[in-house]
Amino acid sequence: MRILITGASGMLGTDLVETLSKEHEVVGLDIKTPPFTVHRSQFTVCDITNEKEVMKAVCDVKPEVVIHAAAYTDVDGCEKNEDLAYRVNGTGTRNVTLACQKCKAVMAYISTDFVFDGEKKELYLESDKPNPLSIYGKSKLEGERYISSLLDKYFIIRTSWLFGRHGRNFVNTILKLAQEKKELRIVNDQIGSPTYTKDLAQSIKKLITDHCSQSTDFGIYHISNSGSCSWYEFAQEILRVKGYGLRVKGISSEELERPARRPKFSVLDNSRYIKTVGKPLRPWQKALKEYIGKIEAT
Ligand SMILES: NC(=O)c1ccc[n+]([C@@H]2O[C@H](COP(=O)([O-])OP(=O)(O)OC[C@H]3O[C@@H](n4cnc5c(N)ncnc54)[C@H](OP(=O)(O)O)[C@@H]3O)[C@@H](O)[C@H]2O)c1
């Protein structure tokens with residue numbers, strides 16, 4: 001299969017390129033070149049906000065599938081740079097969608113649990129009504145809407161709380177802070193599912209390679225590692241795995257005073273994915289242990 005991956009220099013994109021290029025012809029696309037040597041794949045530098053550039057880049061490759069992971073992902077930054085957020089996550093996604101339409105490619109868009117307001121207090125289903133609290137969530141939802149209104153053959157994959165070897169993430173932040181501080185203050189009133197980009201890349205591979213022909217398989221999927229926790233519990237587990245005896249104090253979201261509001265509860269129900277592919281992702285604690293082992297080894 002010929003697959004184009006946008007956001008290929010980012011945290012998830014890098015793992016997608018690594019995972020998929022073992023068996024498929026992969027072309028990466030990003031606004032900047034990747035910080036690694038791309039194995040068995042090519043790369044194209046392109047700004048997705050430029051419609052002509054995207055159309056040419058995608059149509060030159062003639063992919064069967066486009067995995068669209070490029071985004072402006074700084075959640076607090078999006079509040080300050082609202083225009084950029086909508087330009088990249090909204091218009092940029094529209095441009096990729098139009099290119100998929102022209103080249104007749106199946107599109108797989110990586111979206112977020114932040115499209116929900118977190119008021120449900122039960123696992124979020126694909127059919128639940130989005131109501132984003134932040135500019136980031138609103139701009140990602142705008143991207144979803146372009147896709148569902150312009151294409152028939154698409155996957156919208158909502159995921160959450162990513163950590164992986166090729167980008168800034170919560171695990172790395174906690175490990176760094178643990179070296180510098182005597183006590184950590186971590187939010188304990190937001191609940192979600194930490195997800196390892198390597199596991200997510202594998203699950204996306206299964207979905208798009210085995211379920212690209214049945215029209216009933218297209219649509220929205222929620223995919224995250226199994227289980228859930230608060231950021232406070234996530235931090236405690238990171239420190240436990242590393243054997244650090246640091247004190248962690250739970251604080252409220254209000255105490256942290258971040259520019260963007262985040263959902264208090266955004267655990268995604270993975271039933272549709274499990275029914276389609278046959279297996280859930282492993283528990284987040286197991287994925288975290290493997291991830292920490294990998295960063296220790298490098
Ligand atoms: N991280 C999470 O916790 C999380 C949770 C749920 C969903 N997601 C979604 O998952 C996807 C991957 O997230 P990630 O954390 O791997 O993101 P990431 O590391 O920030 O990767 C995104 C990549 O897209 C690039 N990009 C930004 N603007 C672009 C443009 N105009 N044209 C082309 N490329 C552009 C970025 O470059 P720059 O670095 O130069 O901006 C970056 O290399 C995103 O769609 C995100 O919304 C992430």
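In case you missed it, the structure is sitting above this.
In this report, the structure presented in the accompanying data block is examined. Because the structure is predicted, anything quoted here is derived from the model rather than measured.

Another aspect to go through is the overall build of the protein. Broken down by element type, the protein carries eleven helices and 13 strands. What you see for the protein is a C-alpha radius of gyration of 19 Å, in line with the 19 Å of a compact globule of 298 residues. Dimensions of the protein along its principal axes, counting C-alpha atoms only, are 55 × 40 × 40 Å. Counting only residues that meet the buried cut, the protein has 54% of its 298 residues in that class. If you sum the accessible surface of the protein, you get close to 13800 Å²; carbon and sulfur atoms cover 48% of it. The distance from the centre of the 44 positive side-chain charges to the centre of the 38 negative ones in the protein is 3 Å.

A few words now on the site of the ligand. Leu12, Lys32, Thr73, Tyr136 and Lys140 are the nearest of the 25 residues found near the ligand. Within the backbone of Ile48, a nitrogen or oxygen atom sits 3.0 Å from a nitrogen atom of the ligand. Tyr136 has a polar side-chain atom sitting 2.6 Å from an oxygen atom of the ligand. Looking at the shell around the ligand, the elements with two or more residues in it are helix 1 (11-20), strand 5 (106-112) and helix 5 (135-150). The element contributing the most residues to the shell around the ligand is strand 5, with three residues.

Rules and cut-offs
Residues numbered from 1 in each chain as written. Predicted model: local features only at pLDDT ≥ 70, side-chain atom pairs only at ≥ 80, totals over all residues. Heavy atoms only, no water. Helix = DSSP H or I, 4+ residues; strand = E, 2+ residues; numbered from the N terminus. Rg over C-alpha atoms; globule rule 2.2 N^0.38 Å. Buried < 20%, exposed > 50% of the residue type's maximum accessible area, 1.4 Å probe, protein only. Areas by Shrake-Rupley, 256 points an atom, 1.4 Å probe, with all protein chains shown as cover. Lys, Arg positive; Asp, Glu negative; His and termini not counted. Charge placed at Lys NZ, Arg CZ, Asp CG, Glu CD. Near = heavy atom within 4 Å. Polar contact = N/O pair within 3.5 Å; in protein donor to acceptor, adjacent residues only side chain to side chain.

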